[in-house]
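Coordinates in review
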Amino acid sequence: GAGQGDLPTEIWEKVKNHPCYSEEAHHHYARMHVAVAPACNIQCNYCNRKYDCANESRPGVVSEKLTPEAASRKVLAVASTIPQMTVLGIAGPGDPLANPAKTFKTFELISEVAPDIKLCLSTNGLALPDHVDTIEKFKVDHVTITINMVDPEIGAQIYPWIFWNHRRYTGVEASQILHERQMLGLEMLTERGILAKINSVMIPGVNDQHLVEVNKAVKSRGAFLHNIMPLISAPEHGTVFGLNGQRGPSAQELKALQDSCEGEMNMMRHCRQCRADAVGLLGEDRSAEFTTEKIMDME
Ligand code: SF4
Ligand code: SF4
């Protein structure tokens, strides 16, 4: 939305300076992602794993993978170059919570060197219930969960497998577990007052009609924002669906779906699906200025 919209004032106060949540703020505040999380615990049909997680980051982009220590140095270098840098996110290139040691070590190091920077992370939700206490401990401001279905039959067309509790699950059973974990994780965040945003990838013919139901389910569990993103299905982006002839939605189809969810809750329309190592104001990508090599030169 463009401004406060229907957001309650206490939530608006928390997000108005966040470049991703307020269209106004995105002209004035910068954010960065650090790519410290290579592994993933599920397989999405729209991801082929060679590239960044498509849930939050633009598919088809390979980010420079960092250790927590290198990520913390990078944050310091960026913050001293771009004073409007207010938000640090971990969004891949895999799932941050499938790499909990790296993700939370990064948050720990950054909260020591730059305590004013707000932290956020995005996840597919499978491991979320296990980590809500740690997320709260590190004062993570916002969590984004990618939820593409609330019906495991539809999920089975999106997720060929998940890896959970030391084993691999497939088919409807996999999506049933993923669905239950996503809903539980969202409820746990809401109970603790941690802001939860939901991302959904709109896949025509698979979950496009169904996302209205997803919108109701996440709203009733306290999500404050719903961001419906188009499937980007060009084969060069590495999407398996794309290779199988699955198309992405047209701009009109995307807008019609966002409109039909609008009455239900705040919709986010300006997410840019930034890469997992994005740096700068939204719409601007300064990641090339902050490669490990260049940061070593700066130090
Ligand atoms: Fe790929 Fe992200 Fe899905 Fe994992 S959660 S399979 S990294 S799109
Ligand atoms: Fe913000 Fe979307 Fe970019 Fe994340 S991917 S930093 S939510 S605009």
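Residues numbered from 1 in each chain as written. Chains lettered and ligands numbered in written order. Predicted model: local features only at pLDDT ≥ 70, side-chain atom pairs only at ≥ 80, totals over all residues.

1. Comments concerning the pairing of strand 8 (residues 195–202)
Definition in use: Neighbour density around each residue's C-beta defines its exposure: 20 or more other C-beta atoms within 10 Å make it buried, 12 or fewer make it exposed, and counts between make it partly exposed, where C-beta atoms are placed from the backbone. Elements are defined by DSSP. Helices are runs of H or I of four residues or more, strands are runs of E of two residues or more, and each kind is numbered from the N terminus. Only strands joined by at least two bridges in the DSSP assignment are considered to pair. When the strands point away from the viewer, a crossover counts as right-handed if the route from the first strand across the helix to the second turns clockwise.
Counting buried residues along strand 8, 8 of its 8 residues qualify, which places the element largely inside the surrounding structure. By the bridge criterion, 5 bridges tie strand 5 (residues 142–146) to strand 8 in an arrangement that is parallel. Directly across from H142, in strand 8, lies its bridge partner L195. For strand 8 and strand 9 (residues 225–230), the ladder comprises 6 bridges, and the chain directions are parallel. Considered in strand 9, the bridge of V201 is made with M229. Assessed by its sense of winding, the connection that carries the chain from strand 8 through helix 7 (residues 211–220) to strand 9 is right-handed.

2. Regarding the sheet that holds strand 7 (residues 167–170)
Going by this rule: Two residues form a contact once the distance between their C-beta atoms, set from the backbone, is within 7 Å. Angles run from 0 to 180 degrees between N-to-C directions of axes, and those axes are lines fitted to C-alpha atoms, restricted for helices to the stretch in contact.
Across the sheet, 3 strands lie side by side as 2-6-7; this open sheet has antiparallel pairing. Two strands lie at the open edges of the sheet, namely strand 2 (42–43) and strand 7, each paired on one side alone. Inspection of the sheet shows strand 6 (residues 161–164) paired to strand 7 by 4 bridges, in the antiparallel sense. Bridge assignment links I162 to a residue of strand 7, and that residue is Y169. Lying over the sheet, helix 6 (residues 171–191) contacts strand 2, strand 6 and strand 7, oriented at roughly 110° with respect to strand 7.

3. A few points about the sheet that holds strand 1 (residues 30–33)
Hydrogen bonds between backbone groups are what pair the strands of a sheet, and the pairing can be parallel or antiparallel. Spatial ordering of the open sheet is given by 9-8-5-4-3-1-10, a layout of 7 strands whose pairing is mixed. The sheet is open, and its two edges are formed by strand 9 and strand 10 (279–280), each paired on a single side. Across the face of the sheet, helix 2 (residues 68–81) comes into contact with strand 1, strand 3 (85–90) and strand 10 while running at roughly 155° to strand 3.

4. Side note on helix 6
Note the threshold: In a helix, the anticipated span is given by 1.5 Å times the number of residues less one.
Here helix 6 contains 21 residues, and its C-alpha end-to-end distance of 31 Å stays within 8% of the 30 Å for a straight helix at 1.5 Å per residue. Of the residues making up helix 6, those classed as buried are A174, S175, L178, H179, R181, Q182, G185, L186 and L189. G193 sits one or two positions beyond helix 6 and adopts a positive phi of about 75°.

5. Side note on unusual backbone geometry
Residue G92 is joined to P93 through a cis peptide bond whose omega torsion reads 10°. With respect to the secondary-structure elements, P93 resides in the loop between strand 3 and helix 3 (100–113). Unusually for a residue other than glycine, K139 sits at a positive phi of about 55°. Summarising the element assignment, K139 is placed in the loop between helix 4 (128–137) and strand 5. Accessibility expressed as a C-beta count within 10 Å gives 12 for K139, which makes it exposed. Its identity is not glycine, yet H166 carries a phi of approximately 70°, on the positive side. Relative to the helices and strands, H166 is located in the loop between strand 6 and strand 7. The class of H166 is exposed, set by 5 C-beta atoms lying within 10 Å.

6. Brief notes about the packing of helix 4 against helix 6
Convention followed: Here is the rule for angles: anything less than 35 degrees is roughly parallel, anything more than 145 is roughly antiparallel, 65 through 115 is roughly perpendicular, and the remaining ranges are oblique. Left-handed is the label given to a crossing in which the near helix is rotated counterclockwise from the far helix by less than a right angle, and right-handed is the label when the rotation is clockwise.
Helix 6 packs onto helix 4 with a crossing angle of 20° between their chain directions and a minimal axis gap of 8 Å. The angle between the axes of helix 4 and helix 6 places the two elements in the roughly parallel class. Note that helix 4 runs across helix 6; the crossing there is right-handed. Residues L128, P129 and V132 of helix 4 touch helix 6, and the partners they reach there are R181, L184, G185, M188 and L189.

7. Overview of the confidence of the model for the chain
Applicable threshold: The predictor rates its confidence in each residue with pLDDT, a number between 0 and 100.
Per-residue pLDDT for the chain averages 84, and the proportion of residues at 70 or more is 80%. Put simply, helix 8 (residues 240–243) is where the chain has its lowest mean pLDDT, 55, and helix 6 is where it has its highest, 98. Complex prediction metrics read pTM 0.87 and ipTM 0.83.

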